[in-house]
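Residue-level structural notes
Chain by chain, the residues run as shown.
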Amino acid sequence: MKYWNSTLKNMAEYIPGEQPSNPDEYIKLNTNENPFPPSDFVLNTIKNTCNGNLRRYPDPTAEELREQFASENEITPENVFVGNGSDEIFTLIFRAFIEKSDIAALPYPSYPLYDILAEANGIKYEKVNLGADFSYNMENFLNRRYGLVIICNPNNPTGTYCPVDKIKDFLDTYTGLLVVDEAYIDFYGGSSIDLIKKYDNLIVTRSFSKSYSLAGLRVGLAVSSKGIIEGFLKIKDSYNIDMLAIEGAKAALIDKKSFKYNIDMVKNNKEYLEENLKPLGFEIIPSRANFIFVKHKEVPSKELYERLKEKKILVRYFSGNIRSEFMRISVGTMMEIKALCRELNTILGV
Ligand code: PMP
């Protein structure tokens, strides 16, 4: 395309999990969305925000949301930046927090969007492999003087978790910028947010898309030292989060009871899914997220993915080294999980 610049021409494209135009016809276990809807309180708050005030611009820094999150986490609003989903935050990180002459370290297998955004922003990167059991060996990120390191905790697509102690030890040595993507942390806890009080080179990112059931609203947070957050505020778009998103996210933080109920249901369903897959011959990587990374001892994942898709059940299959041996299944409702297990039973002839 004649009008594309060379970066756009040469970069790879992010391929999200399929979003069918008729999602109600599918059992969608492929994009780690929460299977349960936002609470009535959150939905009503968003509906009530649909009024004449929409002619105004939203608060450019979402001050009330920053304050609310800060007070719940014993930090200050100056430590919190609100982004249009955590994906926007990664874009801003590659745009503004690493020099083009530096090299970023990105984990593998992990969230493929990091690589795409690095390329889109002209940042060179190296992939650092997770261990054979998909655990993070933080030492490997010290092999070179990386300007930026991103880890995903718990990791997508494996669900594996890196304990805070290991991250702390790493920060005692590492002088570049460390980003810990905590999009899935709420399900089983173990956040690194407290470390931002001691280390000014740490950014922890959070998402409202998973544990808060608000993927459609697009709200994410960066939690970091005051200086880094000032950088985000300087580089961001003028009004990066809309009024409905701000009010919806504030309501979601208030409605603790629904949040807890939702998390408990997801965890309960995850356990049920694991218990039912094991007897079918699946190896399951221990996960601390709302998805599991599995492979069958005989039937290739690609074949299972395709056979399930024929039956309108979507799970996530990735091509590429190691990843292609597995498939990732998001935790669904009990009905969805039962339908999945029934279908797998038939395919595997158990
Ligand atoms: N980080 C990880 C590891 C993810 O899997 C996702 C969702 N695909 C995101 C971030 C993006 O989250 P958000 O919806 O907040 O942009």
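Residue positions within a chain follow its written sequence, with the count starting from 1. The model is predicted, so local features are restricted to residues of pLDDT at least 70 and side-chain atom pairs to those at 80 or more, both for listing and for counting; the totals for chains, interfaces and linings are taken over all residues. Working from all heavy atoms in the structure, the side-chain values ignore hydrogens and water.

What to know about the site of the ligand
A single heavy atom is enough: if one lies within 4 Å of a molecule or strand, its residue is considered near that molecule or strand. Not every one of the 14 residues close to the ligand is listed here, only the nearest: Asp 181, Tyr 184, Ser 207, Ser 209 and Arg 218. For this analysis, a polar contact is any N or O atom pair within 3.5 Å, provided that within protein one partner can donate a hydrogen and the other can accept it, and provided that sequence-adjacent residues contribute only side-chain to side-chain pairs. At a separation of 2.7 Å, an oxygen atom of the ligand approaches a polar side-chain atom of Tyr 184. A distance of 2.7 Å separates an oxygen atom of the ligand from a polar atom in the side chain of Ser 207. Gly is put with the polar residues, along with every residue not named as nonpolar or charged; the nonpolar set is Ala, Val, Leu, Ile, Met, Phe, Trp, Tyr, Cys and Pro, and the charged set is Asp, Glu, Lys and Arg. In terms of residue class, the shell around the ligand is built from five nonpolar, five polar and four charged.

Side note on unusual backbone geometry
The peptide bond linking Tyr 108 to Pro 109 adopts the cis configuration, its omega dihedral lying at -5 degrees. Put simply, DSSP marks the helices as runs of H or I at least four residues long and the strands as runs of E at least two long, and each gets a number from the N terminus on. Looking at the element boundaries, Pro 109 is found in the loop between strand 3 (103-108) and helix 5 (113-120). Even without a glycine there, the phi angle at Asn 32 is positive, about 55 degrees.

Thoughts on the packing of aromatic side chains
Pairing of aromatic rings covers Phe, Tyr and the six-membered ring of Trp, with a centre-to-centre limit of 6.5 Å; geometry is then stacked below 30 degrees between planes, edge-to-face above 60, and tilted otherwise. In this structure the tally under the stated criterion is 16 aromatic pairs. For the pair Tyr 111 and Tyr 114, a centre-to-centre distance of 5.3 Å together with 85 degrees between the ring planes defines the contact as edge-to-face. Like Tyr 111, the residue Tyr 114 is buried in the burial classification. Three or more aromatic residues joined by ring pairs form one cluster here, namely Tyr 14, Phe 90, Tyr 111 and Tyr 114. Against the face of Tyr 188 rests Lys 267, its NZ or CZ located 4.8 Å from the ring centre. Summary of the burial criterion: residues with accessible area below 20% of their type's maximum are buried, those above 50% are exposed, and those between are partly exposed, where the area comes from a 1.4 Å probe applied to protein chains only. Only lysine NZ and arginine CZ atoms are considered, and such an atom sits over a ring when it is within 6 Å of the ring centre and within 35 degrees of the ring normal.

Some remarks on the domain arrangement of the chain
In terms of domains, the chain is made up of domain 1 (6-37 + 257-348) and domain 2 (40-254). Domain start and stop positions are those given by an automatic or database domain assignment. The gap between the C-alpha centroids of domain 1 and domain 2 is 24 Å. Whether two residues touch is decided by their heavy atoms; if any such pair falls within 4.5 Å, the residues are in contact. Counting residues at the interface gives 33 residues for domain 1, matched by 30 residues for domain 2. Two parts placed together each lose some accessible area under a 1.4 Å probe, and the buried area is that loss summed for both. Buried surface at the junction of domain 1 and domain 2, summed over both partners, amounts to about 2800 Å²; 65% is from carbon and sulfur atoms. The largest per-residue losses of area from domain 1 upon contact with domain 2 belong to Tyr 14, Phe 259 and Arg 288, which jointly make up 27% of the total buried on that side. When a carboxyl oxygen of Asp or Glu is within 4 Å of a side-chain nitrogen of Lys or Arg, the pair counts as a salt bridge. Where domain 1 meets domain 2, there are zero salt bridges. Summed over the shared surface of domain 1 and domain 2, the number is 13 residue pairs in polar contact (both at pLDDT 80 or more). When contributions to the side of domain 1 that touches domain 2 are tallied by element, the ones reaching two or more residues are helix 1 (6-10), helix 9 (256-277) and strand 10 (291-296). In terms of residue count, the dominant contributor to the side of domain 1 that touches domain 2 is helix 9 (six residues). Looking at the side of domain 1 that touches domain 2, its residues break down into 16 nonpolar, 10 polar and seven charged.

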